[in-house]
Amino acid sequence: MKLIVFCLFTVYCCSLVKASPLERKKLQEVLRELKMLKRDLPNTELMMNTPPKDIEDCCCLTALTCFRETLLEHFGISGKYQKKLYKSLNHTLTINGLNFCNTETSTNNCSTCHSHPKEKASEFFNRLESLVQRGISRI
Amino acid sequence: MKPTRLLLLLCLIGPVFAIEAPDVDCLVINLKYVSCTWNKKETPKVNYTFYSSFFNKEKKSCPQYLTENNMNIGCIQPCESGDRFLTFNTMLVHGNDSFKETHGLKNRVKLNPPTNLTVLNGSDFNLWFYWNHTSPARLHCVESEVRFRTNNNKWEFSKVSAGIQKYCINSPSGSSRYELQVRNRIDEGCGSSDFWSDWSEPVFWGSNNSTDSDSVPGWMTFLYVVGAITLMLLVVMLLQRERLKIILIPAVPKPSPILHDIEDWFQLSRGLKENFKASYNEQVCPVREYNYISQSDSMNSTSSVSTDQTDCSVSIDVNDPEDLYVPLSSSSSQVPSEEVQQVSD
């Protein structure tokens, strides 16, 4: 019995160790897809609800949701890179990688997506890029 | 009218006496502290008090000032590695004046140069270089650049991907001297920094004697000089001594249409010529030939056949008719080619 518990515990610990590189690789994939999308889209003057430059640790997942839904609303998923990016932003590994909230603090204090001021598309993508880079640098 | 004029005068001269807003320039050093300076344009005329804060964090006064000529020109403010993604607010205060600025520090990072740069001769006969970085950045966030040179020649540069802290030089030359340095910065995936770190301390490998590929050792120069002098002496001797010249460079015979004595063609030396002539004398040994005598004539008498050789001692007795034939034989001694053969009837 003790041996079984020990083996299960070892497997659990190993799964935790392996998770970090997977999350990092997923976030790096998001960056690549974002780069391709920025290159493909013309220099658009489109204005979109954009989360702020400074996002609190416990509001990062809320900001991620805002980025994903705004992307869907304005660009859809018809394009090749739009579809890929949307799927990656919705992936479990991406969500886990950008979850910086270590405390039990409620996320109710985080601003809603539509309350964010509108910014140009270029600024929208730059802030999404910063959020993902912040996640990669922490893993 | 007077207050209006006074007010106008104050508005005109006021800006002359107003303090110009200092320009604060901040840089994150090694992801451990922020270094801000405000003496970029000119040395400040007054001593400012510096305050700073990251987004949503407590405002702090400067724990350590940088000074020049007893004037505060900058501040060192400790920070955490992830703070660079947040807006950095600064405030300079002097009396009633305060100057606020906001800074984006994500890309304004300068790491310390790599440390512990070592070189190892691998089992694959390649040269391996290893180093470490001292910042709290994750390994996959740090990319490096290597430069190396051979025998103090031109530098060669090479990028090393993030997460790798080693470099290899294939099949190094044992007679060359290698020098290598490395520098690093934050990788693009983690918010790339605009500045490379300084170059690390160099590491060397190889022979010290071959520091300069163009220089020739002293003893080699001496040998070259001696060899050249010897060659010149030989040439001079060759020209001066005819005999030596003839031996070393014999003259090629010139063929002529007039036939001369063939011996002269070879132009043999007198000594060599005489060697071909026989130096011994030999007495001529005349030989007589005897004809066949019929048996009826010879039955009564025993004929003896003999050769009359003056110095020869050969005599032949013939008792048997078969012995009648006396072959013409020469003496055992050699005779000159111009022998006279005497045949008697």
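Thresholds, definitions, all that
Residue positions are given per chain, counted from 1 along the sequence in the order it is written. All chains are assigned letters beginning with A, and all ligands numbers beginning with 1, in the order in which they are written. The predicted origin of the model limits local features to residues at a pLDDT of at least 70 and limits the giving and counting of side-chain atom pairs to 80 or more, whereas totals for whole chains, interfaces and linings rest on all residues. For the side-chain quantities, the full set of heavy atoms in the structure was used; hydrogens and water were omitted. Per the convention used, a helix needs a DSSP run of H or I reaching at least four residues, while a strand needs a run of E reaching at least two, with both numbered from the N terminus. Per-residue accessibility, obtained with a 1.4 Å probe over protein chains only, is compared with the maximum for each type, and a residue is labelled buried under 20%, exposed over 50%, and partly exposed between these values. The contact rule is simple, with two residues in contact once any of their heavy atoms fall within 4.5 Å. Residue burial considers only the protein chains on display, and all accessible areas are found by Shrake-Rupley using a 1.4 Å probe. A 1.4 Å probe defines the accessible area here, and the buried area is the portion of it lost by two parts on being joined, summed over both. The working definition used for a salt bridge is a side-chain nitrogen of Lys or Arg within 4 Å of a carboxyl oxygen of Asp or Glu. Whenever a nitrogen or oxygen atom comes within 3.5 Å of another N or O atom, the pair is scored as a polar contact, on the condition that within protein one atom can donate a hydrogen and the other can accept it, and that pairs from neighbouring residues in sequence are kept only if both atoms are in side chains. Under the scheme applied, nonpolar residues are Ala, Val, Leu, Ile, Met, Phe, Trp, Tyr, Cys and Pro; charged residues are Asp, Glu, Lys and Arg; polar residues are all the others, including Gly. UniProt positions are given in the numbering used here, feature names are shortened, and annotations may be inferred rather than shown by experiment. Note on disulfides: each one is a pair of cysteine sulfur atoms within 2.5 Å. A pocket here means an open set of points on a 1 Å grid, computed over the protein atoms alone, that has protein on both sides within 12 Å along at least five of seven lines. A cavity is instead a set of points where a 1.4 Å probe fits but cannot get out; residues with an atom within 4 Å of a point line either one. Grid points are joined across faces, edges and corners, and a volume is the space filled by probe spheres set on the points. Axis definition: a line fitted to C-alpha atoms, over the contacting stretch in the case of helices. Angles run 0 to 180 degrees between N-to-C directions. We call a crossing left-handed when the near helix sits turned anticlockwise from the far one by less than a right angle, and right-handed when that turn is clockwise. Between any two strands, pairing holds if DSSP finds at least two bridges.

What follows covers the overall build of chain A. If you tally the helices and strands in chain A, you get 5 helices and 2 strands. Listing every helix and strand of chain A by position from the N terminus yields α-β-α-α-α-β-α. Burial analysis of chain A (139 residues in total) assigns 39% to the buried set. When contacts within chain A are restricted to residue pairs at least 6 apart in sequence, those whose partners lie at least 24 apart make up 86%. If you sum the accessible surface of chain A, you get close to 8,300 Å²; carbon and sulfur atoms cover 57% of it.

Once that is clear, we can look at the interface of chain A and chain B. On the side of chain B, 14 residues touch chain A, which itself brings 14 residues to the contact. Together, the buried faces of chain A and chain B total about 1,200 Å²; carbon and sulfur atoms form 47% of this surface. It is Asp54, Gln133 and Ser137 of chain A in chain A that bury the most area against chain B; as a group they hold 43% of the surface buried on that side. Taken together, the connections running from chain A to chain B amount to 1 salt bridge. Our enumeration of links across chain A and chain B arrives at 9 residue pairs in polar contact (both at pLDDT 80 or more). Elements that contribute at least two residues to the side of chain A that touches chain B include exactly helix H1 (2-40) and helix H5 (121-138) of chain A. Here the side of chain A that touches chain B takes 6 residues from H5 of chain A, the largest share from any one element. Of the residues belonging to the side of chain A that touches chain B, the class tally is 4 nonpolar, 3 polar and 7 charged.

Within the UniProt annotation, "transmembrane region" (unreviewed entry) is assigned to residues 219-239 of chain B. In the segment residues 219-239 of chain B, helix accounts for 100% and strand for 0%; the C-alpha atoms at its two ends are 31 Å apart.

Residues and elements named next belong to chain B. Summed over the entire model, instances satisfying the criterion amount to 17 salt bridges over all chains. For Lys45, the salt bridge goes to Glu42, with nearest N and O atoms at 3.1 Å. Judged by relative accessible area, which is 66%, Lys45 ranks as exposed. Given the relative accessible area of 40%, Glu42 is considered partly exposed. In this structure, the salt-bridge partner of Arg183 is Glu145, at a minimum N-O distance of 2.6 Å. Separated by 38 residues along the polypeptide, Arg183 in strand E15 (residues 177-186) and Glu145 in strand E12 (residues 142-150) bring together distant segments of the chain.

Take unusual backbone geometry next. Residue and element names in this part refer to chain B. Phi is positive for Leu31, close to 60°, though the residue is something other than glycine. Mapping Leu31 onto the fold places it in the loop between strand E1 (25-29) and strand E2 (33-37). The phi torsion at Ser171 lies on the positive side, around 40°, for a residue other than glycine. Structurally, Ser171 is set in the loop between strand E14 (166-169) and E15.

A word on the state of the cysteines. Residue and element names in this part refer to chain B. For the coordinates displayed, the defined rule picks out 6 disulfides over all chains. Between the sulfur atoms of Cys62 and its disulfide mate Cys75 the distance is 2.0 Å. On the sign convention where negative means left-handed, the S-S torsion of about 110° between Cys62 and Cys75 marks this disulfide as right-handed. Of this pair, Cys62 sits in the loop between strand E4 (60-61) and strand E5 (64-68) while Cys75 sits in strand E6 (residues 71-78), and the two are 13 residues apart along the sequence. The residue that forms a disulfide with Cys141 is Cys190, at a sulfur-sulfur distance of 2.0 Å. When the S-S torsion is -70°, as for the bridge of Cys141 with Cys190, the disulfide is left-handed. On the criterion of sequence distance, the pair formed by Cys141 in the loop between strand E11 (127-132) and E12 and Cys190 in the loop between E15 and strand E16 (203-206) is long-range, its members being 49 residues apart. Here Cys141 and Cys190 have matching classes, each one buried.

Volume-wise, the largest pocket comes out at about 400 Å³. The wall of the largest pocket is formed by 21 residues, among which Lys53, Arg127 and Ser130 of chain A together with Phe85 and Lys106 of chain B lie closest to the centre. Looking at the lining of the largest pocket, the elements that each hand over two or more residues are H5 of chain A together with strand E8 (97-104) of chain B. No other element matches H5 of chain A, which puts 7 residues into the lining of the largest pocket.

Attention shifts here to the packing of helix H2 (residues 60-75) of chain A against H5 of chain A. Residues and elements named next belong to chain A. Running from N to C, H2 and H5 point in directions that differ by 145°, and their axes come no closer than 11 Å. Seen from above, H2 lies across H5 with left-handed handedness. Facing Cys60, Ala63, Leu64, Phe67, Thr70, Leu71 and Phe75 of H2, the residues of H5 in contact are Phe124, Phe125, Arg127, Leu128, Leu131 and Arg134. In terms of residue class, the contact of H2 with H5 is made up of 10 nonpolar, 1 polar and 2 charged.

Turning our attention to the sheet that holds E11 of chain B. All names here are of chain B. An order of E10-E11-E14 is seen for the 3 strands of this open sheet, with the pairing classed as antiparallel. This sheet does not close on itself; its edge strands, each paired only once, are strand E10 (115-121) and E14. Here the strands of the sheet are splayed against their neighbours by 15° on average, with no regard to which way each runs. With 5 bridges joining them, E10 and E11 adopt antiparallel strand pairing. Its bridge partner lying in E11, Val119 is registered against Phe129.

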